[in-house]
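Here is what each chain is made of, one letter per residue.
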Amino acid sequence: MKAFLGVDRSATGRRWLGPSVEAERQTEAMVQATGLPRPLAAVLAARGVAPEEAEGYLEPQIRALLPDPRRLKDMEVAAARVLKAVRARERIAIFADYDVDGGASAALLSGWLRALGAAPTLYVPDRIDEGYGPNVPAMAALARTHSLIVCVDCGTLSHAPVAAAEGADIVVLDHHLGGETLPPALAVVNPNRQDEEGDLGHLCAASVVFLMLVELNRKLREQGTTGPDLMSALDLVALATVADVAPLVGVNRALVRQGLKVMARRERVGLRVLADVARMDRAPTAYHLGFLIGPRINAGGRIGAADLGARLLATDDPAEAQALALRLDRLNAERREIENRVRDAALAQAEARGLDGPLVWAAGDGWHPGVVGIVAARLKEATNRPAIVIGFDGDAGKGSGRSVEGVDLGAAVQRIAAEGLLEKGGGHRMAAGLSLSRGQLEPAMARLAELLGRQGAGTVGPSDLALSGLLMPAAVTPALIEAIERAGPFGQGAPAPRFAFADMQIRHARRIGENHLRIAFSDGISAPVEAVAFGAFDTPLGPLLSDHGGRPMHLAGRLELNHWQGRTRPQLRLEDAARA
């Protein structure tokens, strides 16, 4: 494909790709049929939305998109058992994963149970001492004092721990890839069971829990009782969906969109306090969930007490919420320092090994297991390839991986675990975890690279920047940006549109902070447009624009509204540039 605006190699080393002739034709048809602004029409056309579907896409309705919970196997059994436990005042335990999805799932379920008078026990395993998912000692201990244990965001592969919970019924609500056999639980509700159709495989665990709550409320209505309000719980579903990198398509998009509206009401005390601690001064967006709120909730599970995030999301006590939020914020700052050290070492190692294959990986002694997943995400972003990062403590290694669009990392990790190349491994399409010995490291990574290569990993390098089209500065208005936002929220599986500006004059450029850049640009006719490039001086982008010498530039990035000191102005989140 011919490079857009002739940019074969930009400041960040990428080739720019514009819309195809067919995409342009579809955009024009959308404009003619709907009257929508062309940039918005281009986004919809790229999403495969037909003109007659445009209005429904721009205003997604949960009622129309939410699947019937009973489509999932074991759902009715699971809901009936939970309701029986509530009616009989049985002791119920919630065993949750230590990440955002697990914490949100636990808060969802515990909130519903408390509303009906139950007082569930929350158990979150320690990442380092116990590792991911149910373990035999914990499950056996819980079973001695609880008649029902509900595992959320974990449990699908936990055959021995589930079997160890003698005397208790086990219900699993999960989304991780299932194996050939299921654990001996009363119910395993998981859209990624091997005997499921798979069309709901994009749901996170919190969405699976939400569907069970929908089923529970339906059972209550059938008995003449009204259940708790579920729409007010969508803030948790939205948070989990974004933080777990689930694709923002179909019902996920509708859940996140509505969940953001719920979160904006600031009714959940834990999220309200955490947003204030994180200095969020505007209505939440998917960006805030993924980069401000999510990392802080994850910080407890990564390097602190594993249950802090779940407790924050579940509490109704403002004083407890304040204490938990401040502690998570401190842990998150600590996590960033640890992450930076591991990231630098991992990137240097991966670069020395080579970044051209289907898999990028690194392993090191003493790398904190709580940050290897984040560092893997950084490597994936830098290389546009699946990445695995492993920390060793003696002979034992614990690793985490992140994948790219179209490559199922969880399935590949699960396969090499089944082949005996790992001690343990599993996950879902976009993320995976594994445990292995030093002797297994090289063979496991070689085999994993082979399997990922068969899926097409490594065929698209970081040298392509997809652009939705060309804009003139005069078109950049708050109204246009708000119109484009109707196609959101943007994130995994639904990237924010990026636009190019051709032959622009740089009016001024100044460095802000250590490595960021702010500029104003224009075409010499319209008023200048403000732009900000974060981390610009970590790449050649900063020097190119700060020392532009009056030369015209092609610019590319995402449009956004900048809210500052009570004013709202349009700006370009600048991602790339090239000499015109």
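Residues numbered from 1 in each chain as written. Predicted model: local features only at pLDDT ≥ 70, side-chain atom pairs only at ≥ 80, totals over all residues. Heavy atoms only, no water.

Time to look at the overall build of the protein chain. Looking only at helices and strands, one finds 20 helices and 18 strands in the protein chain. Whereas a compact globule of 580 residues would reach a radius of gyration of roughly 25 Å, the protein chain reaches 24 Å, a difference of no more than 12%. Principal axes of the C-alpha set define a box for the protein chain whose edges measure 75 × 60 × 45 Å. Residues counted as buried form 57% of the 580 residues belonging to the protein chain. Of the roughly 24000 Å² of accessible surface on the protein chain, 50% is carried by carbon and sulfur atoms. Looking at charge distribution, the protein chain has the averaged site of its 65 positive side-chain charges lying 3 Å from that of its 68 negative ones. (Helix = DSSP H or I, 4+ residues; strand = E, 2+ residues; numbered from the N terminus. Rg over C-alpha atoms; globule rule 2.2 N^0.38 Å. Buried < 20%, exposed > 50% of the residue type's maximum accessible area, 1.4 Å probe, protein only. Areas by Shrake-Rupley, 256 points an atom, 1.4 Å probe, with all protein chains shown as cover. Lys, Arg positive; Asp, Glu negative; His and termini not counted. Charge placed at Lys NZ, Arg CZ, Asp CG, Glu CD.)

Here we take up helix H18 (residues 438-454). In a regular helix each residue adds 1.5 Å, so 17 residues correspond to 24 Å; H18 covers 25 Å between its end C-alpha atoms and thus fits that length. At alanine 444, H18 shows its strongest bend, of approximately 25°. When we look at burial in H18, the residues that qualify are Gln440, Leu441, Ala444, Met445, Arg447, Leu448, Ala449, Leu451 and Leu452. Taken together, the buried residues of H18 touch strand S7 (360-365), strand S8 (387-393), helix H17 (409-418) and strand S11 (431-437). Following H18 by one or two positions, glycine 456 has its phi on the positive side, about 100°. (Expected span 1.5 Å × (residues − 1). Bend = angle between axes of the 7 residues up to and from the residue. Contact = heavy atoms within 4.5 Å.)

Taken as a whole and assessed by the stated rule, the structure comprises 38 salt bridges. Here aspartate 169 and arginine 81 are joined by a salt bridge, their closest N and O atoms 2.7 Å apart. With aspartate 169 in strand S5 (residues 169-173) and arginine 81 in helix H5 (residues 75-87), the pair connects residues that are 88 residues apart, well separated along the chain. What makes aspartate 169 partly exposed here is its relative accessible area of 30%. (Salt bridge = Lys/Arg side-chain N within 4 Å of Asp/Glu carboxyl O.)

Moving on, we get to the packing of helix H13 (residues 286-303) against helix H15 (residues 318-353). At their nearest, the axes of H13 and H15 sit 8 Å apart, and the two run at 70° to each other. In terms of orientation, H13 and H15 fall into the roughly perpendicular class. Along its contact with H13, which presents Pro295, Arg296, Ile297, Ala299, Gly300, Arg302 and Ile303, the element H15 presents Leu328, Asp329, Leu331, Asn332, Glu334, Arg335 and Ile338. Here the contact of H13 with H15 is built from residues that sort into seven nonpolar, two polar and five charged. (Axes fitted to C-alpha atoms, helices over the stretch in contact; angles between N-to-C directions. Parallel < 35°, antiparallel > 145°, perpendicular 65-115°, else oblique. Nonpolar A, V, L, I, M, F, W, Y, C, P; charged D, E, K, R; others polar.)

Our focus in this paragraph is unusual backbone geometry. Of note, the bond from glycine 488 into proline 489 is cis; its omega dihedral lies within 30 degrees of zero at 0°. Note that proline 489 resides in the loop between helix H19 (478-485) and strand S14 (499-512). Residue asparagine 384 is not a glycine yet carries a positive backbone phi of 60°. Examined against the element boundaries, asparagine 384 turns out to sit in the loop between helix H16 (372-383) and S8.

Here the focus is the side chain of serine 522. The residue serine 522 is located in strand S15 (residues 516-522) in this model. A distance of 3.2 Å separates a polar side-chain atom of serine 522 from the backbone nitrogen of glycine 524. (Polar contact = N/O pair within 3.5 Å; in protein donor to acceptor, adjacent residues only side chain to side chain.)

Before going further, it helps to examine the sheet that holds S5. Strand order in the open sheet formed by five strands is S3-S2-S4-S5-S6, and the pairing between neighbours is parallel. One side of each edge strand has no neighbouring strand; the edge strands of this open sheet are strand S3 (121-123) and strand S6 (187-189). Strand-to-strand twist in this sheet, taken as the mean axis angle between neighbours without regard to direction, amounts to 15°. (Pairing = 2+ DSSP bridges.)

This brings us to the packing of aromatic side chains. By convention here, two paired aromatic rings are described through the distance between centres and the angle between planes. Under the defined criterion, the tally for this structure stands at three aromatic pairs. Directly above the ring of tyrosine 287 sits arginine 573, whose terminal nitrogen or CZ lies 5.9 Å from the centroid. (Phe/Tyr/Trp six-rings, centres within 6.5 Å; stacked < 30°, edge-to-face > 60°. Lys NZ or Arg CZ within 6 Å of the ring centre and 35° of its normal.)

Spatially, five strands are ordered S7-S8-S9-S11-S10 in an open sheet, and the strand pairing comes out mixed. Of all the strands in the sheet, just S7 and strand S10 (424-427) have a single pairing partner and so form its edges. Recorded for the sheet is a direction-independent mean angle of 15° between the axes of neighbouring strands. As defined by bridge partners, strand S9 (residues 396-402) adjoins S11 across seven bridges and the pair is classed as antiparallel. Along S11, the bridge assignment pairs arginine 402 with alanine 431. Together, S8, S9, S10 and S11 form the strand contacts of H17, whose direction differs from that of S10 by roughly 160°.

Further remarks concern helix H11 (residues 250-264). With 15 residues, H11 should reach 21 Å at 1.5 Å per residue; the first-to-last C-alpha distance of 22 Å fits that figure. Among the 15 residues that make up H11, 11 are buried, leaving the element largely enclosed by the rest of the structure. Within H11 the residues assigned to the buried category are Val251, Asn252, Arg253, Ala254, Leu255, Val256, Arg257, Gly259, Leu260, Val262 and Met263. At the exit of H11 stands arginine 266, carrying a positive phi of roughly 60°.

This part is about the packing of helix H1 (residues 21-34) against helix H2 (residues 38-46). Where H1 meets H2, the closest approach of the two axes is 8 Å, and the angle between their N-to-C directions is 120°. Classified by the interaxial angle, the pair formed by H1 and H2 is oblique. Classified by chirality, the crossing of H2 by H1 is right-handed. Between H1, through Ala23, Glu24, Gln26, Thr27, Glu28, Met30 and Val31, and H2, the contact on the second element is made entirely by Arg38, Ala41, Ala42, Leu44 and Ala45. (Left-handed = near helix turned anticlockwise from the far one by under 90°.)

With respect to the secondary-structure elements, arginine 335 resides in helix H15. For arginine 335, a relative accessible area of 6% corresponds to the buried category. Within polar-contact distance, the side chain of arginine 335 engages the side chain of asparagine 332 at 2.7 Å. The contact partners of arginine 335, leaving out residues within four places of it in the chain, are Pro295, Arg302, Ile303, Val371 and Ile374.

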